[in-house]
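# Report on the structure
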2 protein chains.
Amino acid sequence: MPVLTIQGERGVSAVHVGGRLADLPGLIPVERSVIVTDSRVFELYGHLFPACPVIAMGRGEGAKTLETVQRVYERLAALEAQRSTFLAGIGGGIVCDVAGFVAATYMRGMRCGLVATTLLAQVDAAVGGKNGVNLGGFKNMVGTIRQPEFVICDGALLASLPRAEVQCGLAEIVKHAAIADAGLFSFLEEEGQRLLDLDPQALARVVGDSVRIKAAVVGRDEGEHGERRTLNFGHTFGHAIEKTCGLSHGAAVSLGMRLAVRFSVQRGLLAPQVADRLERLLGSLGLPLHLPEGRGAAIGEALRQDKKREGREVHFVLLDRIGQARVEPLPLEAVEAFLAQEVR
Amino acid sequence: MPVLTIQGERGVSAVHVGGRLADLPGLIPVERSVIVTDSRVFELYGHLFPACPVIAMGRGEGAKTLETVQRVYERLAALEAQRSTFLAGIGGGIVCDVAGFVAATYMRGMRCGLVATTLLAQVDAAVGGKNGVNLGGFKNMVGTIRQPEFVICDGALLASLPRAEVQCGLAEIVKHAAIADAGLFSFLEEEGQRLLDLDPQALARVVGDSVRIKAAVVGRDEGEHGERRTLNFGHTFGHAIEKTCGLSHGAAVSLGMRLAVRFSVQRGLLAPQVADRLERLLGSLGLPLHLPEGRGAAIGEALRQDKKREGREVHFVLLDRIGQARVEPLPLEAVEAFLAQEVR
């Protein structure tokens, strides 16, 4: 199985694409480990876990809070977990984000590894070292960047995913293709249905490509001072949409990518037919292309408060062509004006 | 004024010994900074602060909690603070610990610098990059290690310190002398009264020496895998005493150092008369030498839960002579047995 490595500032992360949950005991000191998971993952796969104490947190974006983090800290303290205890997160993006943050901060840093159980976590959330939780309505306002020692991406775990969660992952895979890999983009166009049908070989291909793309970008710019910002393609609008429209992350990113390519066309960077091509791909994967009516003002307000704004400028990710992105510092007003024209 | 630098894994920290609070505007982007302080420091020195928004937190060990951290996050979000905003902590050890942790985690890391207003913060808490808060009864259970860009140690701010807080700082200075600097130890023996009387020149000498010692140790072992553990001299027992006896950190560390030298004598490492010499110094500085009666069992229980225990071993700091410490991994049972024999 391919192991891709990410060289972080303070350690290397090994991403085991095509690894198995059953490999976990070989990667951790089982007798000195604690598992963080959520109730659903535990129900489905708990019988495959190594024999470690398990902390099961709540599910969904609403569980991605400091309150959850505090409860995990308290459970670790009750288990007499030490700085040398290994924390293994097994779950989707939210479990991985919470487990990574707890491990980065409990006793100023425990060892940590992740088993990603959703497509979104395997291609994005679990890879690259970002962790953290939301604060009030703001996504990922609190966290750190710290590479887990390993990430296991087990394709067998994807068989139980609801279609909506598969689509969430596909949105991020489309993102990776759009910014960095025209060949992957063509594959998605040709094999979208196989992916929606959870064909293991097709999934293995797109997970492997996504991890390869993300690992390379993060290895060159872990701290997000430059190139890593391209991974926010579709996310500046996407986060604002997610926050205000009650949509899933994947649906919001799909809508955000559609807006971002239209913005790229308007700014003279991208041919209109390429924007249409992205739209067709998103549509063929069952991802939404149209925003709910009447949310424009709320999205604009959320955008204004978005963390990616730095001073009065937004580092906005635009597309030059399929496989090539650029980050442009744009005045917030220019982004707001485009949004006002596109969205009511 | 001497500037001592600490090379951390992810950045350099410049400690300005003999710097001034009034130097702060030259070290931060005033128009993009936020100050974290406490109500008393703001009352005493707020008129000297640069013109930045101020977040005043509560005072005392009881304010060193995740709840305080969350309130500071929320105030930062309300101020629309960004990743590029500078967070300046102005206060004693608790303010510095909270501000450092918030800066390490708000939006995955803001810029940060500290102005240390107490002797304890200037010689210990603000220097070396450790930050964090308590969890339930456990000290510093949550935090990170991340160097602030600068620390200003302004001697003029010490004039307002109550004697008990001066003694807290002196306990840590005695610790530095005991583990690393026989010359500083002699100076403390000779000039203790001048220090208690807040003589500026004597204070400048011991602050400079302490920062030099701590900066050197941290520069060689930021992550506390080896030598940095020597800075825990007196703290294994000290933390357990602080938690269970309602004493200040300095008083508890004084008692912890007395126990640690007696343990060093019992283990055949230290001459008894050297242990007596440390006791006399602590006594001359008005630091306690005798524990309250009947706390032995509670201290033992707290010790058992102490974070420095790793598995069944304690990395215990013993003294070979004045100016030379050693870290020995000891079975927890050996440490508990010594404690049971010494303390009722």
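## What about the overall build of chain A?
On a plain count of helices and strands, chain A comes out with 12 helices and 12 strands. Its C-alpha radius of gyration of 19 Å places chain A within 12% of the 20 Å reference for a compact globule of 344 residues. With respect to the three principal axes, the spread of C-alpha positions in chain A is 60 × 40 × 35 Å. Looking at the 344 residues of chain A, the share that counts as buried comes to 60%. Entry remark: accessible area of chain A is about 12300 Å², with carbon and sulfur atoms responsible for 51%. Taken together, the 38 basic and 39 acidic charged side chains of chain A have centroids lying 2 Å from each other.

## Here we look at the relation of the copies chain B and chain A
Laying chain B over chain A is done by rotating through 180° and shifting 0.0 Å along the axis; what remains is an RMSD of 0.0 Å. Accordingly, the operation relating the two chain copies is best matched by a two-fold axis. Taken together, the interface assignments show that 97% of the residues at the interface of chain B recur at the interface of chain A, consistent with an identical surface on both copies.

## Digging into the packing of helix α8 (residues 235-245) of chain B against helix α9 (residues 249-266) of chain B
All names here are of chain B. At a closest axis distance of 7 Å, the pairing of α8 and α9 adopts a crossing angle of 135°. The angle between α8 and α9 falls in the class oblique. By crossing handedness, the relation of α8 to α9 is classed as right-handed. Mapping the contact onto sequence places His235, Phe237, Gly238, His239, Ile241 and Glu242 in α8 and His249, Ala252, Val253, Leu255, Gly256, Leu259 and Ala260 in α9. Here the residues of the contact of α8 with α9 sort into 7 nonpolar, 5 polar and 1 charged.

## Observations concerning the pattern of salt bridges
Residues and elements named next belong to chain B. Under the definition given, this model contains 50 salt bridges over all chains. In this structure, Arg205 and Asp209 form a salt bridge, with 2.8 Å as the shortest nitrogen-oxygen distance. Taken together, the residues span about one helical turn, with Arg205 and Asp209 both in helix α7 (residues 200-220) at a distance of 4 residues. The exposure class of Asp209 is buried, given its relative accessible area of 11%.

## A closer look at the sheet that holds strand β2 (residues 11-17) of chain B
All names here are of chain B. In space, the 7 strands of this open sheet follow the order β1-β2-β9-β6-β5-β3-β4, with mixed pairing throughout. The open sheet terminates on both sides in strands that have one partner only, identified here as β1 (3-8) and β4 (54-57). Each adjacent strand pair in this sheet contributes to an overall mean axis angle of 15°, direction not counted. Inspection of the sheet shows strand β3 (residues 33-38) paired to strand β5 (residues 86-91) by 4 bridges, in the parallel sense. If you follow Ile35 over to β5, its bridge partner there is Ala88. Lying on the sheet, helix α2 (residues 66-78) is in contact with β3, β4 and β5; it crosses β4 at an angle near 165°. Strands in contact with helix α3 (residues 93-105) are β3, β4, β5 and β6 (111-116); relative to β5, the strand with the most contacts, it is inclined by about 165°.

## Here's the deal with the pairing of β3 of chain B
Residue and element names in this part refer to chain B. For β3, a buried count of 6 out of 6 residues is recorded, marking the element as mostly surrounded by other parts of the structure. On β3, burial covers both faces: Ser33, Ile35 and Thr37 on one face and Val34, Val36 and Asp38 on the other are all buried. Across 4 bridges, the pairing between β3 and β4 is parallel. Across the sheet, Asp38 pairs through a bridge with Met57, a residue of β4. Between the parallel elements β3 and β4, the chain passes through helix α1 (residues 39-45) in a crossover that is right-handed.

## A closer look at the sheet that holds strand β1 (residues 3-8) of chain A
Residues and elements named next belong to chain A. Strand order in the open sheet formed by 7 strands is β1-β2-β9-β6-β5-β3-β4, and the pairing between neighbours is mixed. The open sheet terminates on both sides in strands that have one partner only, identified here as β1 and β4 (54-57). The sheet shows a mean angle of 15° between the axes of neighbouring strands, taken without regard to direction. Those strands touched by helix α2 (residues 66-78) are β3 (33-38), β4 and β5 (86-91), and its axis lies near 165° from that of β4. Packing against the sheet, helix α7 (residues 200-220) makes contact with β1, β2 (11-17) and β9 (150-153), and its axis sits at approximately 20° to β1.

## Some thoughts on the confidence of the model for chain A
For chain A, per-residue confidence averages 95 on the pLDDT scale, and 98% of positions sit at 70 or higher. Across the whole predicted complex the pTM is 0.94, and at the interface the ipTM reaches 0.93.

## As for the interface of chain B and chain A
Counting residues at the interface gives 36 residues for chain B, matched by 36 residues for chain A. Buried surface at the junction of chain B and chain A, both sides included, amounts to about 3400 Å², of which 49% is carbon and sulfur. Counting every contact that joins chain B to chain A gives 4 salt bridges. For Glu80 of chain A, the salt bridge identified is with Arg304 of chain B, shortest N-O distance 3.2 Å. Along the contact surface separating chain B from chain A lie 8 residue pairs in polar contact (both at pLDDT 80 or more). Taken together, the elements giving at least two residues each to the side of chain B that touches chain A come down to α2, α3, β8 (138-142), α11 (296-305) and β10 (309-310) of chain B.

## What to know about the side chain of Arg228 of chain A
The residue Arg228 of chain A is located in the loop between α7 and α8 (235-245) in this model. Although Arg228 of chain A is buried, it makes no salt bridge; Glu224 of chain A carries the closest opposite charge, 4.4 Å away.

## Side note on the pairing of β1 of chain A
Residues and elements named next belong to chain A. Inspection of the sheet shows β1 paired to β2 by 6 bridges, in the antiparallel sense. Bridged to Gln7 within β2 is Val12. Connecting β1 to the next strand, β2, in antiparallel fashion are 2 residues.

## Focus: the packing of α9 of chain B against helix α10 (residues 272-284) of chain B
All names here are of chain B. Their axes nearest at 9 Å, the elements α9 and α10 cross at an angle of 170°. In terms of axis orientation, α9 runs roughly antiparallel to α10. Counted together, Ser254, Met257, Arg258, Val261, Arg262 and Val265 of α9 and Pro272, Ala275, Leu278, Glu279 and Leu282 of α10 form the full contact between these two elements. Classifying every residue of the contact of α9 with α10 gives 7 nonpolar, 1 polar and 3 charged.

## Focus: helix α10 (residues 272-284) of chain A
All names here are of chain A. For α10, built from 13 residues, the straight-helix expectation of 18 Å at 1.5 Å per residue is met to within 8% by its first-to-last C-alpha distance of 18 Å. Within the sequence span of α10, burial applies to Val274, Ala275, Leu278, Glu279, Leu281 and Leu282. Viewed end-on, α10 has its buried residues packed into an arc of 160°, placing them on one side of the element. Exposed and oriented more than 90 degrees from the buried face of α10 are Gln273 and Arg280. Next to the buried residues of α10 lie α5 (163-180), α6 (182-196) and α9 (249-266).

## With respect to the packing of aromatic side chains
One pass over the structure, following the stated rule, counts 14 aromatic pairs over all chains. Geometrically, the ring pair formed by Phe237 of chain B and Phe316 of chain B is edge-to-face, given 5.3 Å between the ring centres and 65° between the ring planes. Separated by 79 residues along the polypeptide, Phe237 of chain B in helix α8 and Phe316 of chain B in strand β11 (residues 313-321) bring together distant segments of the chain. Between Lys243 of chain A and the ring centre of Phe138 of chain A, over which it is positioned, the NZ or CZ distance is 4.1 Å.

Conventions adopted
Residues numbered from 1 in each chain as written. Chains lettered and ligands numbered in written order. Predicted model: local features only at pLDDT ≥ 70, side-chain atom pairs only at ≥ 80, totals over all residues. Heavy atoms only, no water. Helix = DSSP H or I, 4+ residues; strand = E, 2+ residues; numbered from the N terminus. Rg over C-alpha atoms; globule rule 2.2 N^0.38 Å. Buried < 20%, exposed > 50% of the residue type's maximum accessible area, 1.4 Å probe, protein only. Areas by Shrake-Rupley, 256 points an atom, 1.4 Å probe, with all protein chains shown as cover. Lys, Arg positive; Asp, Glu negative; His and termini not counted. Charge placed at Lys NZ, Arg CZ, Asp CG, Glu CD. Least-squares fit on C-alpha atoms with pLDDT ≥ 70 in both. Contact = heavy atoms within 4.5 Å. Axes fitted to C-alpha atoms, helices over the stretch in contact; angles between N-to-C directions. Parallel < 35°, antiparallel > 145°, perpendicular 65-115°, else oblique. Left-handed = near helix turned anticlockwise from the far one by under 90°. Nonpolar A, V, L, I, M, F, W, Y, C, P; charged D, E, K, R; others polar. Salt bridge = Lys/Arg side-chain N within 4 Å of Asp/Glu carboxyl O. Pairing = 2+ DSSP bridges. Right-handed = clockwise from strand over helix to strand, strands pointing away. pLDDT = per-residue confidence, 0-100. Buried area = accessible area lost by both parts, 1.4 Å probe. Polar contact = N/O pair within 3.5 Å; in protein donor to acceptor, adjacent residues only side chain to side chain. Expected span 1.5 Å × (residues − 1). Arc of directions from axis to C-beta. Phe/Tyr/Trp six-rings, centres within 6.5 Å; stacked < 30°, edge-to-face > 60°. Lys NZ or Arg CZ within 6 Å of the ring centre and 35° of its normal.

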